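Results of the structural survey
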Amino acid sequence: MLVSPAAAQAAGGPAPASPLMSLLPLIVLFVVFWFLLLRPQMKKAKEHRELVAKLQKGDEVLTNGGIAGRIEDLGESFVTVEVADKVSIKVQRGAITAVLPKGTLKSA
């Protein structure tokens, strides 16, 4: 009862998968990663760049550190923010996280 090697090979197992089918899970993973992580992060960064570019003198702003103040002077990379009467600080433009509605600082 010996089986010849040719007959044993012909019995066959599973057919080899196509290269596209083996890459499909990786492609799906990348698409999910793109829509859930990368795309929202890029959108948020774009909105922040636009916010920083539109800063004007007199705007009431909030910094990364939680300091609220009014813009006194704008430079190319730094902004002078008045945080109290006759008290001003310089912060980088990128440190501005939000522009507050006018009159916010008066109510605080």
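For every chain, the first residue of the written sequence is number 1, and numbering continues from 1 onward in sequence order. It should be noted that, the model being predicted, local features are given only for residues of pLDDT at least 70 and side-chain atom pairs only at 80 or more, the latter also being counted only at that level, while totals for whole chains, interfaces and linings use all residues. Computation of side-chain values: all heavy atoms of the structure, hydrogens and water removed.

Quick note on the threshold: UniProt positions are given in the numbering used here, feature names are shortened, and annotations may be inferred rather than shown by experiment.
Under an unreviewed UniProt entry, the name given to the protein chain is Sec translocon accessory complex subunit YajC, and the organism recorded is Arenimonas caeni. As recorded by UniProt, the Subcellular location (unreviewed entry) comment attached to the protein chain reads in full: "Cell membrane".

1. Let's talk about the UniProt feature "transmembrane region" (unreviewed entry) in the protein chain
Heads up, the condition is: Here a helix means four or more residues in a row that DSSP labels H or I, a strand means two or more in a row labelled E, and each is numbered from the N terminus.
UniProt feature "transmembrane region" (unreviewed entry): in the numbering of this structure it lies at residues 20-38. Between the end C-alpha atoms of residues 20-38 there is a gap of 24 Å, over a span that is 100% helix and 0% strand.

2. Side note on the pairing of strand β1 (residues 60-63)
In plain terms, the rule: The criterion for strand pairing is that DSSP finds at least two bridges linking the strands in question.
Strand direction decides the pairing type here: β1 and strand β2 (residues 68-74), joined by 3 bridges, are antiparallel. Bridge pairing in β2 places E60 opposite R70. A loop of 4 residues connects β1 with β2, the two strands running antiparallel in sequence, and G66 in this loop sits at a positive phi of about 90°. By the bridge criterion, 4 bridges tie β1 to strand β5 (residues 96-100) in an arrangement that is antiparallel. Pairing of L62 across the sheet is with A98, part of β5.

3. Looking at the pattern of salt bridges
Using the following cut-off: Salt bridges, as used here, are contacts in which a Lys or Arg side-chain nitrogen is within 4 Å of a carboxyl oxygen on Asp or Glu.
Inspection of every chain in the model, using the stated rule, returns 2 salt bridges. The salt bridge partner of K102 is D59, with a shortest N-O separation of 3.5 Å. Within this pair, whereas K102 is found in the loop between β5 and α3 (104-107), its partner D59 is found in the loop between α2 (19-53) and β1, the two being separated by 43 residues in sequence. The residue E60 makes a salt bridge to R70 at a minimum N-O spacing of 2.9 Å. Here R70 lies in strand β2 and E60 lies in strand β1, a separation of 10 residues in the sequence.

4. Details of the sheet that holds β1
As a reminder, the rule being used: Fitting a line to C-alpha atoms yields each axis, with helices limited to the stretch in contact; the angle taken between N-to-C directions then spans 0 to 180 degrees.
One open sheet accounts for 5 strands, arranged β4-β3-β2-β1-β5; its pairing is antiparallel. Two strands lie at the open edges of the sheet, namely β4 (87-92) and β5, each paired on one side alone. Within the sheet, the average angular offset between the axes of one strand and its neighbour, ignoring direction, is 45°. Pairing of strand β3 (residues 78-84) with β4 involves 6 bridges; the strand directions are antiparallel. In the sheet register, V79 faces β4, and the bridge partner there is V91.

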